[in-house]
Amino acid sequence: GECCEIGAQTMVRGPLTAGSHNAFFPHCSVGTATRHLGAGCHGRIEIGSHCVIEAHVNIFHPTGLKDGKGGIRQSCTRLGDRVYIMPYSNIGHDVVIEDGAEIAANLAGYVRIMRSAKLANGCCVHQFSTV
């Protein structure tokens, strides 16, 4: 997107779309291969506008969703608008973070963070949880 800043030694790997006026601080990894064993990238990362991704943050690619027929549907790891991700946070595969959330946490796969939620430093959220 327009007017985005990407800090030194930050890795950005697609497929990825990002809105405008985002800041990616140094040493971020956006589009990191998932830690889900045996899974590949099945989808994309979407980042809204006016987001701040602080230093040493990892945002993982989605693993996809099983379709019940032995296949995998494409999915998305998504950050809404005005999301603030604090240093050393991990955003797991297939996570959805809604607008205005502030995160200082480790989020496992398939977590959903609702609009304007605030997760304190050191917080861990188990997979398939909603906050």
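Refer to the structure above for everything that follows.
Sequence order as written defines the numbering, with residues in each chain counted from 1. Side-chain atom pairs in this predicted model are given and counted only at pLDDT of 80 or more, local residue features only at pLDDT of at least 70, and totals for whole chains, interfaces and linings cover all residues. Based on all heavy atoms of the structure, the side-chain values leave hydrogens and waters out of the count.

## Considerations on the overall build of the chain
On a plain count of helices and strands, the chain comes out with 0 helices and 17 strands. The C-alpha radius of gyration computed for the chain amounts to 14 Å, which stays within 12% of the reference 14 Å derived for 131 residues, consistent with globular compactness. Principal-axis analysis of the C-alpha atoms gives the chain an extent of 40 × 25 × 20 Å. Taken over 131 residues, the chain has a buried fraction of 43%. Only heavy atoms matter for contacts: two residues are in contact if any of them lie within 4.5 Å across the pair. Long-range pairs, those at least 24 residues apart, make up 39% of the contacts in the chain between residues at least 6 apart in sequence. Values of accessible area rely on a 1.4 Å probe in the Shrake-Rupley scheme; residue burial ignores everything except the protein chains shown. A total of about 6900 Å² of accessible surface is found on the chain, and carbon and sulfur atoms cover 53% of it. Helix and strand definitions follow DSSP, with helices as H or I runs of at least four residues and strands as E runs of at least two, each counted in order from the N terminus. The globule rule is 2.2 Å times the number of residues to the power 0.38, and the radius of gyration it is compared with is taken over C-alpha atoms. For every residue, the accessible area obtained with a 1.4 Å probe (protein chains only) is divided by the maximum for its type, and the residue is called buried under 20%, exposed over 50%, and partly exposed between those limits.

## Here's the deal with unusual backbone geometry
For the peptide bond that leads from G14 to P15, omega is 10°, which places it in the cis range. Structurally, P15 can be placed in the loop between strand 2 (11–12) and strand 3 (16–18). Residue D94 is not a glycine yet carries a positive backbone phi of 65°. With respect to the helices and strands, D94 occurs in the loop between strand 13 (90–91) and strand 14 (96–97). Residue classification places D94 among the buried residues on the basis of a relative accessible area of 8%. The phi dihedral of S116 is positive, around 65°, even though this residue is not glycine. Checked against the element boundaries, S116 lands in the loop between strand 16 (112–113) and strand 17 (118–125).

## Things to note about the nonpolar core
As a rule of thumb, soluble globular proteins bury nonpolar side chains together. To qualify as a nonpolar core, a set must consist of buried Ala, Val, Leu, Ile, Met, Phe, Trp, Tyr and Cys residues joined through side-chain atoms within 4.5 Å. By size, the foremost hydrophobic cluster in this structure holds 24 residues, and its most contacted members are I85, I97, I103, L107 and I113. Going through the elements one at a time, strand 6 (43–47), strand 15 (102–107) and strand 17 are the ones with two or more residues in this core. For this core, the element with the most residues is strand 15, which contributes 3 residues.

## Some words on the side chain of T63
Structurally, T63 can be placed in the loop between strand 8 (58–60) and strand 9 (65–66). In this structure the side chain of T63 is engaged in a polar contact, spanning 3.4 Å, whose partner is the side chain of H93. Within the structure, the side chain of T63 is placed 2.9 Å from the side chain of Y110, a separation counted as a polar contact. Any pair of nitrogen or oxygen atoms within 3.5 Å is treated as a polar contact; in protein, a donor-acceptor pairing is required on top of that, and neighbouring residues in sequence qualify only through side-chain atoms on both sides.

## Looking at the sheet that holds strand 14
When DSSP locates at least two bridges between a pair of strands, those strands are taken to pair. Pairing is parallel across the open sheet formed by 5 strands, whose spatial order is 3-6-11-14-16. Edge positions in the sheet fall to strand 3 and strand 16, since each of these pairs with one other strand and no more. Here strand 11 (residues 75–79) pairs with strand 14 via 2 bridges, running parallel. Residue pairing for strand 14: L79 is matched across the bridge by I97.

## Notes on the environment of H50
Relative to the helices and strands, H50 resides in the loop between strand 6 and strand 7 (52–53). Excluding anything up to four places from it in sequence, H50 contacts S20, H21, N22, R82 and V83.

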